[in-house]
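# Examining the three-dimensional arrangement
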Amino acid sequence: MSENVLNRLFKGNHALVNQSQAIYAVIRQRADAGATRKRLVEQLSLPATTVGRGLDRLLKSGLIVESGLADSSGGRRPGIYRTVGSAFYLLGLALGEKNSHLALTDLHLKMIGTQELLGQAELFSEKPAEKIAEAGKKLLLQNQLQPDQVLGLGISPVFPEGREDFTAEFFAAISHKISEQAAMPVFMINAPQSGGQMYLELSVGEKISLRQVIPGLALDAGRSSTQTGQMIVPSPDKAEAGGIALAQLAAMPALIGRFRHQKDNPALDWPDFCQAVQAGKRKSSQIMHDASVALAIAVVNAALLSGAGKLLLTGPALAELPEYQDAIQVQAANLAARQGLSIKIAKSADICASQAIEAAAGVLDQYLRLPNPAGQ
């Protein structure tokens, strides 16, 4: 971003910059109702003249506008100040392991445009700074915006399990290169932003993983991926008195194995099982049902331990067999209700978009926390 834009935002002496930031932050918090000059004076404990100078500065920068009049018990009705969403724009990038999401928002965090990118492992395989900067420029071009209308790009990475190369230092170096390529400030937003909510991610494929995730960070849900697969759940056929390992019941190889056994045909494979389920075959549907019950037990137990209120279902088994995902959703919701929990099933795209918006919000938060973004 050019220095001119920063100067339009907050310029002048150090104290007045801080006061302007504080005034803007309060008005922003009251996005719907707005704020009067009297409320700002009372809430910030600042002299009326100081608040007046700060408001004038923000009005000239285009960040706020006087919109409407408040009720008055007598005399002139006071003006109501509100933030202007279209004054500037924000970019937020949620870097996921499997896919990434770039969001363009206004200052009210209203989504203006979005673009999906590769997961960070593939994205960082070659020239990641150029790829991310190019995606940002493309998004601005699609919405007829110039780089100097954007306050900056916030990046929220997920630190995946087992990737020692994806460190904070690595992302700091990448952000510097992106800043040079995109010609705008870049901030690493590693902590969850206000309104962010951790969620559980259940991935079902050749193996089963269950993780607790918050924006900018990925954690095991109390267990490693291997331990998740070894979790003991009730055996549906009662053959195992002490229960059975989750992976031996619900992962793709287990489903195929049970399907082959019931059909007495070792040549059957995953597509055959999917076809049988989708055709409504009773035995294959029962196999899927038993597995979904076991996975629901694992999810609800993790939700009880972590307090997570959202569940993201991913993995090739669920992508290729939507009926399996639907069955897990139903079983998890029923079991959660019996436990007094409320678990919202979220789509991958919704989670990514939410994290990208939170990363964009982090850019504005950075400016409001800095003593003087213009360096004056």
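See above for the structure.
We now turn to the structure provided with this report. (Residues numbered from 1 in each chain as written. Predicted model: local features only at pLDDT ≥ 70, side-chain atom pairs only at ≥ 80, totals over all residues. Heavy atoms only, no water.)

### Here we look at the overall build of the chain
Check the secondary structure of the chain and you find 15 helices and 14 strands. Within the chain, the proportion of its 376 residues that are buried is 49%. In the chain, of all internal contacts separated by at least 6 residues, the share reaching a separation of at least 24 is 64%. When the accessible surface of the chain is split by element, carbon and sulfur atoms take 50% of a total near 18,100 Å². (Helix = DSSP H or I, 4+ residues; strand = E, 2+ residues; numbered from the N terminus. Buried < 20%, exposed > 50% of the residue type's maximum accessible area, 1.4 Å probe, protein only. Contact = heavy atoms within 4.5 Å. Areas by Shrake-Rupley, 256 points an atom, 1.4 Å probe, with all protein chains shown as cover.)

### Focus: the pairing of strand β3 (residues 89–95)
Each regular strand shows side chains that alternate between the opposite faces of the sheet. Among the seven residues of β3, seven are classified as buried, and the element is accordingly described as predominantly covered. Alternating positions in β3 separate into two faces, Tyr89, Leu91, Leu93 and Leu95 on one and Leu90, Gly92 and Ala94 on the other, with burial throughout. Both β3 and strand β6 (residues 150–157) contribute to a ladder of six bridges, which runs parallel. Residue pairing across strands places leucine 93 opposite isoleucine 155, the latter belonging to β6. (Pairing = 2+ DSSP bridges.)

### Let's talk about helix α11 (residues 270–278)
The complete set of buried residues in α11 reads Trp270, Phe273, Cys274, Ala276 and Val277. The arc enclosing the buried residues of α11, seen along the axis, measures out at 160 degrees, which places them on a common side. Exposed and oriented more than 90 degrees from the buried face of α11 are Pro271 and Gln275. Glycine 280 lies just past α11 and shows a positive phi near 80 degrees. (Arc of directions from axis to C-beta.)

### Quick look at the nonpolar core
Within the largest apolar cluster, 44 residues are counted, with the highest numbers of intra-cluster contacts made by Leu202, Leu246, Trp270, Phe273, Leu295 and Tyr324. In terms of residue count, helix α12 (residues 282–306) provides more of this core than any other element does, 10 residues in total. (Core = buried A, V, L, I, M, F, W, Y, C linked by side-chain atoms within 4.5 Å.)

### Brief notes about the packing of helix α10 (residues 252–263) against α11
Closest axis-to-axis distance for the α10/α11 pair is 9 Å, and the angle between their directions is 70 degrees. Between α10 and α11, the angle is such that the two are roughly perpendicular. Across the interface between the two elements, Met252, Leu255, Ile256 and Phe259 of α10 pack against Trp270, Asp272, Phe273 and Ala276 of α11. Among the residues making up the contact of α10 with α11, the classes are represented as seven nonpolar, no polar and one charged. (Axes fitted to C-alpha atoms, helices over the stretch in contact; angles between N-to-C directions. Parallel < 35°, antiparallel > 145°, perpendicular 65-115°, else oblique. Nonpolar A, V, L, I, M, F, W, Y, C, P; charged D, E, K, R; others polar.)

### Some remarks on the packing of aromatic side chains
For the coordinates displayed, the defined rule picks out two aromatic pairs. Note on phenylalanine 259 and phenylalanine 273: the rings are 5.4 Å apart at their centroids and 70 degrees apart in plane angle, and the pair reads as edge-to-face. Taken together, the residues phenylalanine 259 in helix α10 and phenylalanine 273 in helix α11 connect sequence positions 14 residues apart. Look at phenylalanine 259 and you get buried, because its relative accessible area is 4%. Since its relative accessible area comes to 0%, phenylalanine 273 is described here as buried. Residues tryptophan 270 and phenylalanine 273 carry aromatic rings whose centres are separated by 5.6 Å and whose planes lie at 35 degrees to one another, so their mutual orientation is tilted. Placement of the pair is tryptophan 270 and phenylalanine 273 together in helix α11, with a separation of three residues, close to one helical turn. Each member of the pair tryptophan 270 and phenylalanine 273 is classed as buried. Among the aromatic residues, those joined into a cluster by ring pairs are Phe259, Trp270 and Phe273. (Phe/Tyr/Trp six-rings, centres within 6.5 Å; stacked < 30°, edge-to-face > 60°.)

Note that all results are geometric; they support no functional claim without further evidence.
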